[in-house]
Structure formats: C-alpha cells, structure tokens
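Okay, here's what each chain looks like letter by letter:
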Amino acid sequence: MSGRHNNKLPNNLPQLQNLIKRDPPSYIEEFLQQYRHYQSNVQIFKLQPDRPNKELADLVMFLAQVGHCYLQHLSTFPQELTELLLTHHTTLEPDLRMTFCKALILLRNKDLIDPTGLLELFFELLRCHDKLLRKTLYTHIVADIKNINAKHKNNKVNTVLQNFMYTMLRDSNPLAAKISLDVMVELYKRNIWNDAKTVNVITTACFSKVTKILVAGMKFFLGKDVDEENESDQESEDDGPSARDLLVRYSTGKKSTKSKKKLEKAMKVLKKHKKKKKVEVFNFSAIHLIHDPQDFSEKLLKQLEASKERFEVKIMMMELISRLVGIHELFLFNFYPFIQRFLQPHQREVTKILLCAAQSSHQLVPPEVIEPVIMTIANNFVTDRNSGEVMTVGINAIKEVSARCPLAVTEDLLQDLALYKTHKDKNVMMSARGLIQLFRSLNPHMLNKKDRGRPTEASAEAKIRDYGESEAKDHIPGAEVLEEEKGEGEEDDAGWESASISDDDEDGEWVDVHHSSDEDTAEMAEKLQSMPEEERQAKAAVVSGSRLLTQDDFKKIRLAQMAKEVNAAPGKGQKRKTVDSDDEGDSRGEILTLRNIEKLHKKPKADKETRLATAQAGRTDRKDFAKRHTKLNPYASTSNKEKKRKKNFMMMRHSQNVRSKGKRSFRDKQIALRDALLKKKKQYK
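The text that follows walks through the structure, step by step, so that each part is easy to find.

Focus: the nonpolar core
- Counting 145 residues, the largest nonpolar core has Phe122, Phe221 and Leu320 as its most contacted members.
- Element by element, the count of residues in this core is highest for helix α15 (residues 311-328), at 11 residues.
- When sequence neighbours within four positions are dropped, the list of residues in contact with Phe221 reads Val199, Ile202, Thr203, Cys206, Ala286, Ile287, Ile290, Leu320 and Arg323.
- Listed in part, the 8 residues of the second largest apolar core include Ala479, Val481, Val543 and Ala560.

A few points about the packing of aromatic side chains
- Tallied over the full model, the rule gives 14 aromatic pairs.
- Taking the centre distance of 5.5 Å and the plane angle of 75 degrees together, the rings of Tyr38 and Phe77 count as edge-to-face. Here Phe77 lies in helix α4 (residues 77-88) and Tyr38 lies in helix α2 (residues 28-47), a separation of 39 residues in the sequence. A single burial state applies to Tyr38 and to Phe77, both of which are buried.
- A network of ring pairs unites the aromatic residues Phe31, Tyr35, Tyr38, Tyr70 and Phe77 as a single cluster.

Comments concerning the pattern of salt bridges
- Taken as a whole and judged by the stated rule, the model has 16 salt bridges.
- Arg348 is the partner of Glu312 in a salt bridge, and the nearest nitrogen-oxygen pair spans 3.1 Å. Here the residue Glu312 occupies a position in helix α15, and Arg348 occupies one in the loop between α16 (335-340) and α17 (350-359), the gap between them amounting to 36 residues.
- Notably, a salt bridge pairs Arg645 with Glu642, separated by 2.9 Å at the nearest N-O pair. Here Arg645 and its partner Glu642 are both found in helix α29 (residues 640-645), 3 residues apart, which amounts to about one turn of the helix.
- Within the structure, one salt-bridge network assembled from shared partners comprises Arg108, Asp111 and Asp144.

Looking at helix α8 (residues 155-169)
- Over its 15 residues, α8 extends 21 Å from the first C-alpha to the last, a length consistent with the 21 Å expected when each residue adds 1.5 Å.
- Its buried side turned inward, α8 meets α6 (115-125), α7 (131-148), α9 (174-189) and α10 (196-203).

Considering the packing of α7 against α9
- Contact pair α7 / α9: the axes reach a minimum separation of 10 Å and the direction vectors enclose 35 degrees. Where α7 crosses over α9, the handedness of that crossing is right-handed. Judged by residue contacts, Arg134, Tyr138, Ile141, Val142 and Ile145 of α7 engage Leu175, Ile179, Asp182, Val183, Glu186 and Leu187 from α9.
- Partitioning the contact of α7 with α9 into residue classes produces 8 nonpolar, no polar and 3 charged.

Structural notes on a nonpolar patch on the surface
- Among the surface-exposed residues, Phe331, Phe333, Leu364, Leu407 and Tyr467 lie close enough to one another that they form a single nonpolar patch of about 420 Å² accessible area.
- Mapped onto the elements of the fold, Phe331 is located in the loop between α15 and α16.

Concerning the side chain of Ser360
- Within the element layout of this structure, Ser360 appears in the loop between α17 and α18 (367-380).
- For Ser360, a relative accessible area of 0% puts it in the buried group.
- Side-chain polar atoms of Ser360 contact the backbone oxygen of Ala357, separated by 3.2 Å.
- Leave out the neighbours within four places in its chain, and Ser360 touches Ser322, Val325, Gly326, Phe335, Tyr336 and Val365.

The rules behind these values
- Residues numbered from 1 in each chain as written.
- Predicted model: local features only at pLDDT ≥ 70, side-chain atom pairs only at ≥ 80, totals over all residues.
- Heavy atoms only, no water.
- Core = buried A, V, L, I, M, F, W, Y, C linked by side-chain atoms within 4.5 Å.
- Buried < 20%, exposed > 50% of the residue type's maximum accessible area, 1.4 Å probe, protein only.
- Helix = DSSP H or I, 4+ residues; strand = E, 2+ residues; numbered from the N terminus.
- Contact = heavy atoms within 4.5 Å.
- Phe/Tyr/Trp six-rings, centres within 6.5 Å; stacked < 30°, edge-to-face > 60°.
- Salt bridge = Lys/Arg side-chain N within 4 Å of Asp/Glu carboxyl O.
- Expected span 1.5 Å × (residues − 1).
- Axes fitted to C-alpha atoms, helices over the stretch in contact; angles between N-to-C directions.
- Left-handed = near helix turned anticlockwise from the far one by under 90°.
- Nonpolar A, V, L, I, M, F, W, Y, C, P; charged D, E, K, R; others polar.
- Patch = residues over 30% accessible without salt bridge, like charges linked within 9 Å, V, L, I, M, F, W, Y side chains within 5 Å.
- Areas by Shrake-Rupley, 256 points an atom, 1.4 Å probe, with all protein chains shown as cover.
- Polar contact = N/O pair within 3.5 Å; in protein donor to acceptor, adjacent residues only side chain to side chain.

So this is what it looks like as structure tokens:
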C-alpha cells in the first residue's frame, strides 16, 4: 500500500504532461529530467536507427505535447526531429517513423514550425514504402495548406510550395509524383489553389511516362462542373419574358382555337429560349486557364499517335484533345483523319469516339476538313443494313457536328437523311426529325419544301453565314417594337384609359385588367408584320440611338423576337403539317455529353436473360401463397392419421376401408360429406 502514494511522475508521462499544461513553472525540474533522458535516447538511437525504440517514441510525443510551455528549452527540438527523419527515413522502423511525423504535425498545429520547411520534408517522405504514412501525410498537407489560406491567400508560401511541387511531379519516384499531383488536384477542387499556375503545372502530368499519373492528369481536365449535376430549374423573371407575359399577349381579345394554339406554340418557344439563354457557370474551368492550349493539344496529339497505352487511355486522350479544340476553337486538322479511322459500328466505345468528333468541330474549322468525317459517319452508320440503334447514333452524331459546323453538311446528304423521318424504327425516325428541326432554324432552304414546316418570320430571316463571315449590327435587333421617347403625361393618360373598367360589366363576373405596355407591344408587333425589312431596320436604328433602354424594354424586344418564331411569315398563311421533335429544347453548351449521341426515344427490347432476372426478382416474397402448416411445432413428427393419408395408394388398395368406400350407400355418402364440411368449418374459425 505504501507504493501507491509514492511519486511516480518520472515514470508516468501522461500524468506529468497533464500537470505541466496546468502549471508549467512548477514542474520545470521534472521536464528537464525527461528532456535529458530524451537526448540520451537519441544518441543510443543513432547507433542503431533500424531497431524499434518505444521509450524514445513516448518521450518524443511527450515533448511535442508540452512544446508550447517551454519554448526556450525546446527551440531546437523540431529541427532535431526533422534532421533525424531526413537522415534515417528509409531505415527507420515504421511505427517510430510515424510517431516522429505525428509529433511534427502536432508542433505545426501549435504554430511552432514554419510550414514551408515542414511540407518540403513531408513531400520527401512520400517516397517511403509505407501506405499508412503516405495517407497521413497527404491528409495533413491538404489540411495545412487550406488553413494557411483560410483568411487570405498567402502568396509567398503558395509560390514556394507550387515551385517545389513542380519539381516533385518530375520526380523519379512515381509514388511521390502521384501524391503530389493528387494534392494539387484536391486543392484546386477546394478552391484553394484555383489559379492558372496550378493548372499549368498539372498539364505537365499529361505527358508523364507513368500511366497512373497520366490518367490522373487527364481525369482532372475531363472533370465536370460542380453545378452541372445540381442544376436548378429556377429562372429569373428579369432575364426575359415570362409565361405571364405570353398569357397577357395571347389571351387578350376573342377566345378562339387559333389563339389557343398560338399560345401553346409560344410556350414551347419560351421553354427553348430559356434553355438556350441559360448562363453556363464554370466553377471547374481548368481548361480555360491553360496558357497555350494550341501547343498543349498538338503535343497531346503527337503523344496519342505514338502511344502504346491501353485503349481506354487512348480514348481519354481523344476526349481531352476534342474538348480543348472545341472550347478554345483551335486548328488541329490532323485530329479529324485520326478519328475517322475508328468510325466503324463494330469499333469498341464507338459512341465516345463519335462524341469526340462532334466536340472537336466548331465554326472556324474549314468545311472541307469536317465534311469527310460526316460522310464517313453517314456511309458506315446510316445504312439499312445496320440495326436501328446504330443508325440512330449515326444521325445523332451528324446532327451534333452540323449544329457546330453547318457548312460541312451538303444539301444532298441532308435531304437524303431527312427521308428517314418515315422509317419503321421509331428511334431512327425521331433522330431524323430532330435533324430536320435543327435545319429549320439554321437554314430551311437546304431542306425539301415539304420538310421546311410552316414558314415563320424567324425562319424567313435564317441564313448560315459563310466561312469566316461575321455579322456586325449598328442597331439592336427587334428594337423597332419600341416607341420613341414620349412625354410622361401622354403615357399616364394611356395607362389610365387602358386600365379603366366599363360600366356595362355589371353582372358580377371577373374582369381581366392587363398592362397597357403589353397591349401596345402586341399591337406594334402586328403593325410591323406588314412593314418591309429595310424600314424595320431603319426604325430599330432610330430607336436604339434615341433612348436608353431599360430592362423592361429588353424584355419587350425578346418577347417580339420570340413571336417571330410563332407568327407565320407574310403571305405564308397556308396550313402545313408540322414535325414535332423532342430535340427542340436541347441546350448545346460548351461540353457535349454521351446522351446527345446515344439518345434513344424508345427503350430497346430486353433480352431473355434480363427478362428472366426481372421475373426472378418478383418471386422473392411469395409467402402469402404457400400452404399454411397448423402444427405448433414445425419439427414435430406426424400423427398416424397423417401418415395413413400420405401412404401410397397401391399399398392401401386392398384394405377394408378402401374396398368398402365404393360400396357405401347414398345416405352414408351424405353423412360423410356433412362431417367433412363441419370439420373444415371448425378449422377456419
């Protein structure tokens, strides 16, 4: 019992650590004793650094815990630990090495070590063949750089670390280079190092000889926008005309079937414009920050042509090159013949290759460069000897390429593809109709007359610009629907007149009161339909130069421009059957997805294995249809009566009961039936 009250502080480090944190000056003697003990253990350790030393590990963690209490005595302690790790990190016992690293992380969290030197040390330690250590260091490096830049960007530290990481990416050790790349990617995704320097350092990883580093670098540039998956459908009412504006415009006046159809069509056009005008948010704009995308894409193409990597890696290279060419509108003419070799229906991952062909086409590419690609797709995919899915994919790919480079499609090819609008396969039919719908808005004159649909004012003005042609306007298109500046008194009078309610409506019904500005805009648009195009442009130029336009004015202009897609062209009032397509609301952003190529309107028929699997999945819980056992104990033996009932008939045919059953009288049979029914009734009570 006497030993329990003895002073155990020299041997009980957790208790001494707790007391020191409460009152450091009172326990300085005990601390110095442990510090001298640590120094002697370090000398022993240096003689045999590969042997485990639990006592040294405990002392190192103890000194790291109380390091902030005795700053003068432990001023050289972090430097000693750093030198020990630098000198012996390859021969150190794994647990002891992990303890040293945790002690340094603890000192860094207490802001007792400069971050630059420590992070450089940790990057050196990434070469160790210790997975747990590498994971711990990776987590700390990311968290530490995040904390350094928490309040404001620490450009001094960031510049030093970025330069160091640039050398680490070229390190001969693939493990260290891969984790350095992972750190930079993670910091970019967390918006800590989201500058151009980080992105251009990561571009060097795309030319690495190590496949893992190469793939990680390309995956970084092929990543999706953060907001792309969580798009919100909420539209701002101030950006353009709303559904209410259309109701006001097309619901005024006499109610008729014609006005109702016009309203429905206007609602479709509004939905299409909402998707078309949606502003793209590039939170993951790594591709946009590359300094020299032309040189980068040329080097990637050269590497792709000489590459001996797996086919999946080659596909990733194609996707990255096509995205670079499409977003930056680069000239890389050798890329199209390279892709053309793979455009066969039997080719593996052919839909991704078609996506690359569509993504890499843009309006600055000469039509004669893109035209062979389109002809190859048409000849190899859009033929009756292929299945419906193959033909659908081919037409969809041609539609996406022609949407970006309309001049590459010849009139003969377009009219030939338009004939598939009556194909027996619904997927092919809907894809052909989507192509027709696209060229109705681009250039209806390339289609046959019966495929142009009902001519509207917008389709009459549609025209594909020649290669390299730019259209500069000296006025705001559609400004002719606005009036020139008026006095305020006139506007107020007009407003009161239109908002007044006549005294004749005294039957207690609701009366629709509309804004005068909406009615004026509708009337003005009707007047402009009969006005020649030159007069419209002249009036638009006068209005644009005579007044400052407000948000309401721009809303009226957009409403009038949308009406052009609904109203029939002058002198073209005849009825014509329209071709409806689900593709008219498709939004074409900078980045295409596989859904644009693989879009099937009809679900393909499931094969036998899929149908069997679905049927088996529906039979998992069928206990309701199973026979109910009335035994209290399901494992009990059967009774003699039950055994007799289940006996084989050939063994019972000569028994007295069986033989006498056929000789029963009618009365006996009645009694037996009555008893059986009563017994059955008792069982179900």
